[in-house]
Amino acid sequence: MTHSRPLAAVVLAAGEGTRMKSSVPKVLHPLCGRPMLLYVIGALEELELQRIVVVVGHASERVIKTLHSETDVPLEFVEQRVQRGTGDAVSVGLTVFPDEMDEEDDLIVVPGDTPLLRAETLAGLVREHDETDAAATVLTARLPDPTGYGRIVRGKDGRVEAIVDHWDATEEERAIDEVNTSIYCFRRGLLAPALRRLSPENTQGEYYLTDAIAVLRQAGHKVIAMESPEVAEAMGVNDQVQLAEAEEALRARINSHWMREGVRMVDPSRTYIDATVTLGPEVELLPGVVLEGATTVGTGSVIGPDTRLVNTVVGQGATVSYSVATDAEIGDAVTVGPFTHLRPGTRLGQASKAGSFVEIKSSTIAAGAKVPHLAYVGDAEVGEGANVGAGTITANYDGREKRAHIGSNTVLVAPVEVGEGAYTGAGAVVTGDVPAGALAKGVPARVEEGWVKARAEQAEAQPGETAAPAPPEGDEG
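Residues numbered from 1 in each chain as written. Predicted model: local features only at pLDDT ≥ 70, side-chain atom pairs only at ≥ 80, totals over all residues. Heavy atoms only, no water.

1. Some remarks on the sheet that holds strand S17 (residues 296–297)
Ordered in space as S14-S17-S20-S23-S26-S28-S30, the seven strands form an open sheet in which the pairing is parallel. The sheet is open, and its two edges are formed by strand S14 (278–279) and strand S30 (381–382), each paired on a single side. Two elements, strand S26 (residues 347–348) and strand S28 (residues 364–365), share two bridges in a ladder whose sense is parallel. Note that in S28 the partner of arginine 347 across the bridge is threonine 364. (Pairing = 2+ DSSP bridges. Helix = DSSP H or I, 4+ residues; strand = E, 2+ residues; numbered from the N terminus.)

2. Considerations on the sheet that holds strand S36 (residues 446–448)
The four strands lie next to each other as S31-S33-S35-S36, forming an open sheet whose pairing is mixed. At either margin of the open sheet sits one strand with a lone partner, and together these are strand S31 (405–406) and S36.

3. Considering the pattern of salt bridges
Per the stated rule, a full pass over the model turns up 27 salt bridges. Residue glutamate 230 pairs with arginine 118 through a salt bridge whose shortest N-O separation is 3.2 Å. In this pair, glutamate 230 sits in the loop between strand S11 (223–227) and helix H8 (240–260) while arginine 118 sits in the loop between strand S6 (106–111) and helix H4 (119–132), placing the two residues 112 residues apart along the sequence. Notably, a salt bridge pairs aspartate 157 with arginine 217, separated by 2.9 Å at the nearest N-O pair. On the criterion of sequence distance, the pair formed by aspartate 157 in the loop between strand S8 (151–154) and strand S9 (160–164) and arginine 217 in helix H7 (residues 211–218) is long-range, its members being 60 residues apart. Note on arginine 217: relative accessible area 18%, which makes it buried. (Salt bridge = Lys/Arg side-chain N within 4 Å of Asp/Glu carboxyl O. Buried < 20%, exposed > 50% of the residue type's maximum accessible area, 1.4 Å probe, protein only.)

4. A few points about the side chain of arginine 51
Within the secondary structure layout, arginine 51 lies in the loop between helix H1 (36–45) and strand S4 (52–56). Of the residues examined, arginine 51 reaches a relative accessible area of 15% and is grouped as buried. For arginine 51, the side chain forms a polar contact with the side chain of glutamate 76, separated by 2.6 Å. (Polar contact = N/O pair within 3.5 Å; in protein donor to acceptor, adjacent residues only side chain to side chain.)

5. Re the packing of helix H6 (residues 188–196) against H7
Their axes nearest at 9 Å, the elements H6 and H7 cross at an angle of 110°. Comparing the axis directions of H6 and H7 gives the class roughly perpendicular. Every residue of H7 that contacts H6 at Leu190, Leu191, Ala194 and Leu195 is listed here: Ala212, Val215 and Leu216. When the residues that make up the contact of H6 with H7 are grouped by side-chain class, the tally is seven nonpolar, no polar and no charged. (Axes fitted to C-alpha atoms, helices over the stretch in contact; angles between N-to-C directions. Parallel < 35°, antiparallel > 145°, perpendicular 65-115°, else oblique. Contact = heavy atoms within 4.5 Å. Nonpolar A, V, L, I, M, F, W, Y, C, P; charged D, E, K, R; others polar.)

6. Re the side chain of arginine 5
Relative to the helices and strands, arginine 5 is located in the segment before strand S1 (7–13). On the basis of relative accessibility, which here comes to 16%, the residue arginine 5 falls in the buried class. A polar side-chain atom of arginine 5 sits 3.0 Å from a polar atom in the side chain of aspartate 106. Aside from chain neighbours lying at most four places away, what touches arginine 5 is Glu104, Asp105, Asp106, His129, Asp130, Asp133 and Arg187.

7. Notes on the pairing of strand S5 (residues 76–79)
By the bridge criterion, four bridges tie S4 to S5 in an arrangement that is parallel. Directly across from valine 55, in S5, lies its bridge partner valine 78.

8. Remarks on H6
The periodicity of an α-helix, 3.6 residues per turn, causes residues three or four places apart in sequence to face the same way. Considered for burial, the residues of H6 that qualify are Arg188, Gly189, Leu191, Ala194 and Leu195. Where H6 is buried, its residues meet helix H3 (86–94), S6, strand S10 (178–187) and H7.

9. Description of the environment of tyrosine 272
Tracing the backbone through its elements, the reader meets tyrosine 272 in strand S13 (residues 271–273). Along the sequence, tyrosine 272 and histidine 221 sit 51 residues apart, while their C-alpha atoms lie 47 Å from each other. Every residue in contact with tyrosine 272, bar those within four places of it in the chain, is listed here: Arg251, Val289, Val290 and Leu291.

Written out as structure tokens, the structure is:
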């Protein structure tokens, strides 16, 4: 985007957002896998800006830390220590601009809670502002129900005379359906003195940025408005209902993007894709699919129905149905599901299979190997072409941190009480109580009282051995 004057932006992100009723700062609430503030930063990033200044306040350290960790866009931060309104927030933001800078540059002001705002709309706002040589240009929208929004009051010449807050508006002004989106482009050299003339004489007792519009107009400067091409872009997020509405709109954008890239979605309304996900062409997503985090899906793979993948890499030509995978790698032509749980550290080699009611954790299943059904594989390596039969488990848990330790394939025949620190061996059939510190093993189970104490004493007598007892025959993790 070309622009005749230097251009910068101030993002207002200081508010607490009490209507969210959440411990999470409002601008950090997630939308499709990213904090909403990052969508605003992303839109600004596409413009040719000299600097982006973020005004923080509530939970400022958390907001700054999140932005530093999740984006490499150069940002400057300034803190509004006491939240006294948007006018005061912009005044705080202007303090980072050195005096020697050209005060005839232009300044975009945008709230941090408008995640649906597009870069194209901002570019159009700046272009309109530049071409008309306005002192201020306001992005507006027309709403069927403008309740709660500031109204755009125009003069006989059609230009903006003032912006009146809903709660300060007369009945006649409340009938106006053109509202303020809180998105502006200002001539910085004119904005700064206008802000100094603001007064907190209003129902909220705050310094309204909107009042700067009337100040500029009364001083004889040109103030114009540009109507947003899409009403949804003006949507601010102030509570959980609006958050859900914004996410629905954003999800529709994401789904439309991927369908245009060749991804088939049987039911887009039941397909949930984070903004951070990458999909190859000819991927097919069936209803109920949830793709989160840094998930990638290769060409021609079929995902779903009712499948959730989190930070998972799926190769080409794979099939994953009715399953959950987190921090896993699924190779080319792999079959997963139905009803499979792939836990972190799982790696499935090319053309392998993890079938019905299978759980795998921190394990590598080599190319062509199969774990067809009813199995648990943890901390293991299954070799190329191997087949793991039904009912197989790897008893990989060492049992040292549990208050009671029930071994794999134990059968407890009620009524049975297993005491604190007691153990049952793998495959035991327990028909009676197991006292604290005892071991029950075998079929039917034989109880060895004092087993834990005896094992601890034995370990203490042998240098280099741990005092805690090892499990009798392994536990499932």
